[in-house]
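# Structural overview
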Amino acid sequence: MSVRVRMAPSPTGFLHIGGVRTFLFNWLFARQHGGECRLRIENTDTSREVVEAVDQIQESLRWVGIDWDGPVTFQLDTAERARVLAEQLVSEGKAYMDDGAIRFKQPPGSVSWEDKVRGRIEFQNENLPDLVIVRSDGRPTYNFVSPVDDMLDEITHVIRAEDHVSNTPSQINILRALGAEPPIYSHLPNINGPDGKKLSKRHGAVSVDVFRDDGYLPAAMMNFLALLGWSFDDKTTIMQPHELIERFTLERVVQSPATFDYEKLDWMNGMYLRELGEDAYGDFLVGWLHDHEITWPEETVRATVPLVQEKIEKLSAYPNFVRFFFEDVSPEGADPTMCAAAVEALTPVTPWTTEAIEAALRAMVEALGEKPRTAFAPIRLAVTGSKISPGLFESLELLGKDESLARLGAAAAIS
RNA sequence: GCCCCCAUCGUCUAGUGGCCUAGGACACCGGCCUUUCACGCCGGCGGCACGGGUUCGAAUCCCGUUGGGGGUACCA
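### Here we look at the sheet that holds strand β4 (residues 95-98)
Pairing within the open sheet is antiparallel, and its three strands lie in the order β4-β5-β8. In the strand order of this sheet, the two ends are held by β4 and β8 (132-134), each with one partner. For this sheet the average axis-to-axis angle between neighbouring strands, irrespective of direction, equals 45 degrees. Bridging between β4 and strand β5 (residues 101-104) involves four bridges; their strand directions are antiparallel. Bridge assignment links Tyr-96 to a residue of β5, and that residue is Arg-103.

In structure tokens form, the structure reads like this:
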């Protein structure tokens, strides 16, 4: 029997980063086994549905690089079928009416299953409530439709988050009552925020879209998420999507919860950003700027790539880092004497290349008996408006001779 | 309260009875490189929650304690 898994988000809001991790593990597992990965929207509770969420979820998944097989299905579409099955259970004495609702009657004894990540888990049925499987208004509930869908869709492996552990015994009992064989279950550890508490809105970035907005690369995102609760060995950290697919196993998923480490994500994104080719980096950058409605000329933007690629960890740092190429700066605070000397040293430079600029400036420093560090600081400040910038000589070249001399001249004029 | 799960450096993790004086990565600290920042390189700090067992031998197995998490809805 080939593998078939499902990603089952509820459309109550934007896709949560923890949810993506869960779906990623489903996807990696399916892709590795050459199986199917379905996308099923669990919208049984219509009252909580957010209309845009369905599109948003798909877009977020696609952005990270997770795809699915077949059409997107909706749990609600199986509602009628589920209701009929519930009535069947009533007629068989396996469920009963209660205040207009249908409750599942838990069988005697105990239930257990061999969880692929947590080992054997057992529940005493007497501790399980007779849960409502069809509401008094006729709508079946999640805990009924979900296993029914798994049965109808012939799902072989259910890979979901830890908070479903307590639903599993009931779902197994329901499946058995229906005469179906339960799938193989795997319960993934939860992801916590930096404070050790469950990841939530107040931790800032929890929606996939926020990371996209901040300028993270999908591959970096996927790599980072894969390492939250799973590892390949004791050394490997950076893994491209195809490597993750090759290497992923449920057996190597850990059982303890993980804390989302934003700093490590930043580091990893920097790694991926630096490995990009110049054109690819430019494409990514141009797209990101477009999404953020920053209309700087593309040619110049692409020309800045070699100057910034080693410097920033995520694209959201880009605008402020290179703003001086596109907008005027204030010459405040730059030592006028040094700027005047720079004007003098740079005026005869032809052609205006990084190498020639560096040579002229270094000769100036030597003639002045200054240290490069102290001499270049005011020049950098005058030209870029900041103490921190891309390489000075490259920046001067890109800025152009006229503009560079104008800025240095303006700084020199302040006394 | 009851049910279930979890417990290795600050964080992500390796470790499945001897290979562990517990390895790697992020962060942090120090140094090198250096025009700032960053990258890179070198070095350092830092952990098996606690208590009992089992065993010749325990981070690894068992029990208890403590701590954390999840569930306990006519939510998903």
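From this point, the narrative continues.
### Details of the protein's contact with RNA strand B
Taken together, 61 residues sit near RNA strand B, with Arg-135, Gly-229, Gln-255, Lys-311 and Arg-380 positioned nearest. Taking all atoms of RNA strand B within 4 Å of the protein, the share assigned to sugar and phosphate is 73%. For RNA strand B, a phosphate oxygen lies 2.7 Å from a polar atom in the side chain of Arg-373. Between RNA strand B and Lys-387, the relevant distance is 3.0 Å, taken from a sugar or linking oxygen to a main-chain nitrogen or oxygen of the residue. Elements supplying a minimum of two residues to the surface near RNA strand B: β5, β7 (119-124), α4 (142-152), β12 (258-259), α9 (262-275), α15 (372-384) and α16 (392-399). Of the residues in the surface near RNA strand B, the class split is 18 nonpolar, 18 polar and 25 charged.

### Describing the sheet that holds strand β1 (residues 4-7)
Strand order across the open sheet formed by three strands is β1-β2-β3, with parallel pairing between neighbours. The open sheet has two edge strands, β1 and β3 (73-74), and neither has a second partner. Here β1 pairs with strand β2 (residues 36-41) via four bridges, running parallel. When the bridges of β2 are listed, Arg-4 appears paired with Glu-36. Each of β1 and β2 touches helix α1 (residues 17-32); the most contacted strand, β1, lies at about 160 degrees to it.

### Re the environment of Leu-217
Residue placement: Leu-217 occurs in the loop between α6 (208-214) and α7 (218-226). Separated by 67 residues in sequence, Leu-217 and Phe-284 place their C-alpha atoms 8.6 Å apart. Sequence-distant contacts of Leu-217, defined by excluding residues within four places in its chain, comprise Trp-63, Asn-269, Tyr-272, Leu-273, Leu-276 and Phe-284.

### Structural notes on α15
Between its first and last C-alpha atoms α15 spans 17 Å; for 13 residues at 1.5 Å apiece the expected length is 18 Å, and the two agree. Where α15 is buried, its residues meet α13 (336-346), α14 (354-368), α16 and α17 (401-412). Taken from the residues just after α15, Gly-385 is the one with a positive phi, measuring 75 degrees.

### As for the pairing of strand β6 (residues 110-115)
A regular strand places its side chains so that they alternate between the two faces of the sheet. Judged by which residues are buried, β6 turns out to be one-sided: Val-111, Trp-113 and Asp-115 face inward and are buried, whereas Ser-110, Ser-112 and Glu-114, on the alternate face, are not. Two elements, β6 and β7, share six bridges in a ladder whose sense is antiparallel. If you follow Ser-112 over to β7, its bridge partner there is Glu-122.

### Notes on the packing of α15 against α17
Where α15 meets α17, the closest approach of the two axes is 8 Å, and the angle between their N-to-C directions is 110 degrees. When the axes of α15 and α17 are compared, the pair comes out roughly perpendicular. As for how α15 packs across α17, the hand of that crossing is right-handed. Counted together, Ile-379, Ala-382 and Val-383 of α15 and Arg-407, Leu-408 and Ala-411 of α17 form the full contact between these two elements.

### Details of the pattern of salt bridges
The final tally for this structure, using the stated rule, is 27 salt bridges. Among the ionic pairs, Arg-103 bridges to Asp-98, the shortest N-O distance being 2.6 Å. The class of Asp-98 is partly exposed, set by a relative accessible area of 26%. Of the charged contacts, one joins Asp-283 and Arg-302 as a salt bridge, the two residues approaching to 2.7 Å between their closest N and O atoms. Highlighted residues: Asp-283 in helix α10 (residues 278-291) and Arg-302 in helix α11 (residues 298-308), separated in sequence by 19 residues. Under the relative-accessibility criterion, Asp-283 is labelled partly exposed at 46%. On the accessibility criterion, Arg-302 (27% relative accessible area) is partly exposed. Through salt bridges that share partners, Arg-6, Arg-40, Glu-42, Asp-149, Asp-150 and Asp-153 make up one connected network.

### Section: the nonpolar core
The tendency in soluble globular proteins is for nonpolar side chains to be buried as a group. Counting 99 residues, the largest nonpolar core has Phe-260, Tyr-318 and Ile-379 as its most contacted members. In contact with Phe-260, not counting residues within four places along its chain, are Ile-17, Ile-191, Asn-192, Pro-194, Leu-199, Phe-211, Phe-224, Leu-225, Leu-228 and Leu-265. Ala-86, Ala-95, Val-145 and Ala-177 belong to the second-largest nonpolar core, a separate cluster that totals 16 residues.

### Remarks on unusual backbone geometry
The omega angle of the peptide bond from Thr-350 to Pro-351 is -15 degrees, so this bond is cis rather than trans. Residue placement: Pro-351 occurs in the loop between α13 and α14. With phi around 55 degrees, Glu-154 is a residue other than glycine that occupies positive phi space. Here Glu-154 shows up in the loop between α4 and β9 (157-161). Judged by its relative accessible area of 56%, Glu-154 is exposed.

Cut-offs applied
- Residues numbered from 1 in each chain as written.
- Chains lettered and ligands numbered in written order.
- Predicted model: local features only at pLDDT ≥ 70, side-chain atom pairs only at ≥ 80, totals over all residues.
- Heavy atoms only, no water.
- Pairing = 2+ DSSP bridges.
- Helix = DSSP H or I, 4+ residues; strand = E, 2+ residues; numbered from the N terminus.
- Axes fitted to C-alpha atoms, helices over the stretch in contact; angles between N-to-C directions.
- Near = heavy atom within 4 Å.
- Polar contact = N/O pair within 3.5 Å; in protein donor to acceptor, adjacent residues only side chain to side chain.
- Nonpolar A, V, L, I, M, F, W, Y, C, P; charged D, E, K, R; others polar.
- Contact = heavy atoms within 4.5 Å.
- Expected span 1.5 Å × (residues − 1).
- Buried < 20%, exposed > 50% of the residue type's maximum accessible area, 1.4 Å probe, protein only.
- Parallel < 35°, antiparallel > 145°, perpendicular 65-115°, else oblique.
- Left-handed = near helix turned anticlockwise from the far one by under 90°.
- Salt bridge = Lys/Arg side-chain N within 4 Å of Asp/Glu carboxyl O.
- Core = buried A, V, L, I, M, F, W, Y, C linked by side-chain atoms within 4.5 Å.

What is shown is where atoms sit, not what they do.
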